[in-house]
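Results of the structural survey
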Amino acid sequence: MSELKPRITENGIDYILVGDYYIPDLKLPEEHRPIGKYGRI
């Protein structure tokens, strides 16, 4: 059995090895917008 790499990139997406599976390393961009009066209610 070949050794698995801890991090790979395929089709422009980074994948991280977790156990026996590769999980996509996705990050959401931060948003800085006000909630407003009715968003806090």
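Just above, that's the structure.
Residues numbered from 1 in each chain as written. Predicted model: local features only at pLDDT ≥ 70, side-chain atom pairs only at ≥ 80, totals over all residues. Heavy atoms only, no water.

This brings us to the environment of Tyr 15. Within the secondary structure, Tyr 15 is located in strand β2 (residues 13-18). Overall, the relative accessible area of 21% leaves Tyr 15 in the partly exposed class. Sequence separation between Tyr 15 and Leu 26 is eleven residues; the distance between their C-alpha atoms is 8.7 Å. With sequence-adjacent residues up to four places away left out, Tyr 15 is seen in contact with Pro 6, Arg 7, Ile 8, Glu 10, Tyr 22, Ile 23, Pro 24 and Asp 25. (Helix = DSSP H or I, 4+ residues; strand = E, 2+ residues; numbered from the N terminus. Buried < 20%, exposed > 50% of the residue type's maximum accessible area, 1.4 Å probe, protein only. Contact = heavy atoms within 4.5 Å.)

Time to look at the pairing of strand β1 (residues 7-10). With four bridges joining them, β1 and β2 adopt antiparallel strand pairing. Paired with Thr 9 across the strands is Asp 14, a residue of β2. Here β1 folds back onto β2 in antiparallel fashion, the turn holding two residues, of which Asn 11 has a positive phi close to 55 degrees. (Pairing = 2+ DSSP bridges.)

Applying the stated criterion across every chain yields a total of three salt bridges. Among the ionic pairs, Asp 25 bridges to Arg 7, the shortest N-O distance being 2.8 Å. With Asp 25 in the loop between β3 (21-24) and α1 (37-40) and Arg 7 in strand β1, the pair connects residues that are 18 residues apart, well separated along the chain. Judged by its relative accessible area of 46%, Arg 7 is partly exposed. In this structure, a network of salt bridges that share partners links the residues Arg 7, Asp 25 and Lys 27. (Salt bridge = Lys/Arg side-chain N within 4 Å of Asp/Glu carboxyl O.)

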